[in-house]
Amino acid sequence: MPTLATIEKCTGCAACSNICPKNAITMKENNEGFLYPIIDSSICIDCGLCEKICPINHPIDSVKENPSVYAFWSKKDRTISSSGGAFSAFARFILHRGGLVVGASYGDLLSLHHTSAESIEELKPMRGSKYIQSRIDYIFKDIRLALREKRWVLFCGTPCQVAGLQAFLGKDYETLITLDLACHGVPSNKIFQSYVKKLCNKFSIPSIQHYEFRRMKGWGFAPSFTDNNNQKHRLFGVDSLYMEAFNASALFRKSCYNCPYSSIPRTGDCSIADFWGIGRYGKTFKHDVMQGVSLVLVNTIKGRKIFEELEDVFYEQRTLEEALKENPNLHKPSSLNPQRDNIIAAFLDPLRSLESIDKEFNLVDHSIKATIKNQADKIGLFNITKRIYNWYKSNF
């Protein structure tokens, strides 16, 4: 039987299940909802392909140097994205050439999967931050087929997913562009689904039609959901417990805490993130940031060539030191929360309420300062204050 990555190291990239010529490997959930490869010994022919291409067992040597760093936004997509619209700008480049864009989209019951788009209209579900591990399923096979047909392909995912695709393909393709995300770590779909059920119980609604981790009209952190009556609810405090636990590094896959891809150089041709803290460290940034600013790291010669051909965009070169100040996961993994196992178990317990979980683990900041900020955010005062501050910083 093949020897794949251990539970502690496996990222769930699905390269092994995609490469198996006999479909003997399936990605199945463990008790926490994280996907791991299961080998059917009655079908396996011991060809060794899965073991050979596992990016954890056999890391791909990187020839990348330190990246070029840019503040960036797409003029067409900035106001319909949770950051500066960098993903959409790259996607437009690919679609204008008849290519295929592959990214994460919600499926049934808000489960997250990697899907493909071949038009601007089909990009919409892929936009916006989604703090869940997306299922790769067998999308790598679709990508390989498109590349063999000489089509352009854009793949956007976590660094481990990019590494999985690269390992599966076994070679570079001139028409493949990879974007890796600045990743804190990934919770499972199962954990998120359990949280959604707790929200439904609290708000006395049968279902949630859409969940937005970040608002799509510029920078802002207040998550929200749309119920079955198309009514939008913004979430603060205990109601936003999933993101509070996420920010406490309490919900991630075990491999995330020792992620080999949270490093410079990166896995993708380019890396994208929010440019948090831009202008606060050294060189000023004399532009309004309230509509969101993307951080783009250009990591390869191919990435630079495509970056310079993007249309209707703004970009300004910055330093790597500034980029890393408030994006530490670009070069180091998140620290393990000592209560991680217990917090995940609490989220998965259908009898536990959000309030009881917070009471036990103190995930929400209930200080006077945090309470005032939440109240100001609810009435829009916090954003007005930020806009005045950013105007001052941009002009003086």
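Residues numbered from 1 in each chain as written. Predicted model: local features only at pLDDT ≥ 70, side-chain atom pairs only at ≥ 80, totals over all residues. Heavy atoms only, no water.

Bringing the sheet that holds strand β9 (residues 224-227) into the picture now. Read from one edge of the open sheet, 3 strands run β8-β9-β10, paired in antiparallel fashion. If you trace the sheet from one side to the other, it starts and ends with β8 (208-212) and β10 (232-234), each paired once. Taking the axes of each pair of neighbouring strands and ignoring which way they run, one obtains an average angle of 20 degrees across the sheet. Sheet topology note: the β9/β10 ladder contains 3 bridges and is antiparallel. Residue pairing across strands places F225 opposite H233, the latter belonging to β10. (Pairing = 2+ DSSP bridges. Helix = DSSP H or I, 4+ residues; strand = E, 2+ residues; numbered from the N terminus. Axes fitted to C-alpha atoms, helices over the stretch in contact; angles between N-to-C directions.)

A few words now on the nonpolar core. Side chains that are nonpolar tend, in soluble globular proteins, to be buried together. Counting residues in each nonpolar core, the largest one holds 50 residues, and the members touching the most others are F192, Y195, Y211, F213, Y242 and F347. Those elements that provide at least two residues to this core are β4 (100-106), α5 (159-169), α6 (189-203), β8, α7 (241-247), α10 (340-348) and α11 (354-361). Counting residues per element, this core draws most heavily on α6, which supplies 6 residues. Sequence-distant contacts of Y211, that is, excluding residues within four places in its chain, are made with Y106, L110, F192, Y195, L199, P223, S224, F225 and L235. (Core = buried A, V, L, I, M, F, W, Y, C linked by side-chain atoms within 4.5 Å. Buried < 20%, exposed > 50% of the residue type's maximum accessible area, 1.4 Å probe, protein only. Contact = heavy atoms within 4.5 Å.)

All right, on to the side chain of S334 then. Looking at the element boundaries, S334 is found in the loop between α9 (320-325) and α10. Engagement of the side chain of S334 in a polar contact is seen with the backbone oxygen of H184, the distance being 2.6 Å. At 3.1 Å, the side chain of S334 forms a polar contact with the side chain of N329. If we ignore the near neighbours within four places in the chain, the residues touching S334 are H184, S249, F252, C256, Y257 and N329. (Polar contact = N/O pair within 3.5 Å; in protein donor to acceptor, adjacent residues only side chain to side chain.)

This part covers the environment of N229. With respect to the secondary-structure elements, N229 resides in the loop between β9 and β10. As for N229 and I205, which are separated by 24 residues in sequence, their C-alpha atoms are 9.3 Å apart.

Right, let's get into the packing of aromatic side chains. According to the stated counting rule, one finds 23 aromatic pairs in the structure shown. Measuring from ring centre to ring centre gives 5.4 Å for F192 and F213, while their planes differ by 40 degrees; the resulting arrangement is tilted. Taken together, the residues span a long stretch of sequence, with F192 in helix α6 and F213 in the loop between β8 and β9 at a distance of 21 residues. Considered together, F192 and F213 belong to a single accessibility category, that of buried residues. Three or more aromatic residues joined by ring pairs make a cluster, and in this case those are Y131, F192, Y195, Y211, F213, Y242, F246, F252 and Y257. Lying over the aromatic face of W73, R78 brings its terminal NZ or CZ to 3.7 Å of the ring centre. (Phe/Tyr/Trp six-rings, centres within 6.5 Å; stacked < 30°, edge-to-face > 60°. Lys NZ or Arg CZ within 6 Å of the ring centre and 35° of its normal.)

This part is about the sheet that holds strand β7 (residues 176-181). An order of β5-β4-β6-β7-β11-β12-β3-β13 is seen for the 8 strands of this open sheet, with the pairing classed as mixed. Each of the sheet's edge strands pairs with one partner strand only, and the pair in question is β5 (112-117) and β13 (313-318). Going from strand to strand, the sheet's axes swing by 30 degrees on average, the running direction of each strand aside. Looking at chain direction, strand β3 (residues 68-74) and strand β12 (residues 294-298) are connected through 5 bridges and run antiparallel. Paired with V69 across the two strands is L297, which belongs to β12. Here helix α4 (residues 139-148) sits on the sheet in contact with β4, β5, β6 (153-157) and β7, set at roughly 155 degrees to β6. In the packing of α5 onto the sheet, the strands contacted are β5, β6 and β7, and the crossing angle to β7 comes to about 150 degrees.

In this section: the state of the cysteines. This model, assessed by the stated rule, comprises 0 disulfides. Free cysteine C13: the closest other cysteine sulfur is in C16, separated by 6.3 Å. Since its relative accessible area comes to 9%, C13 is described here as buried. Unpaired in terms of disulfides, C20 finds its nearest cysteine sulfur in C47, a separation of 6.1 Å. (Disulfide = S-S within 2.5 Å.)

One way to put it is that α6 packs onto α11 with a least axis distance of 10 Å and a crossing angle of 120 degrees. Residue-level contacts link Y195, K198, L199 and K202 of α6 to L354, E355 and I357 of α11. Tallied by class, the residues present in the contact of α6 with α11 amount to 4 nonpolar, no polar and 3 charged. (Nonpolar A, V, L, I, M, F, W, Y, C, P; charged D, E, K, R; others polar.)

In terms of residue burial, strand β11 (residues 270-274) counts as a mostly covered element, since 5 of its 5 residues are buried. Both faces of β11 are covered, namely the face carrying C270, I272 and D274 and the face carrying S271 and A273. As paired elements, β11 and β12 share 5 bridges and run antiparallel to each other. By the bridge assignment, S271 is partnered in β12 with L297.

Tallied over the full model, the rule gives 20 salt bridges. R127 is the partner of D77 in a salt bridge, and the nearest nitrogen-oxygen pair spans 3.3 Å. Here D77, found in the loop between β3 and α3 (86-95), pairs with R127, found in the loop between β5 and α4; they are 50 residues apart in sequence, far enough to count as distant. With respect to burial, D77 and R127 carry one shared label: buried. Here E316 makes a salt bridge to K283, at a shortest N to O gap of 3.9 Å. Note that E316 is positioned in strand β13 and K283 in the loop between β11 and β12, a separation of 33 residues in sequence. (Salt bridge = Lys/Arg side-chain N within 4 Å of Asp/Glu carboxyl O.)

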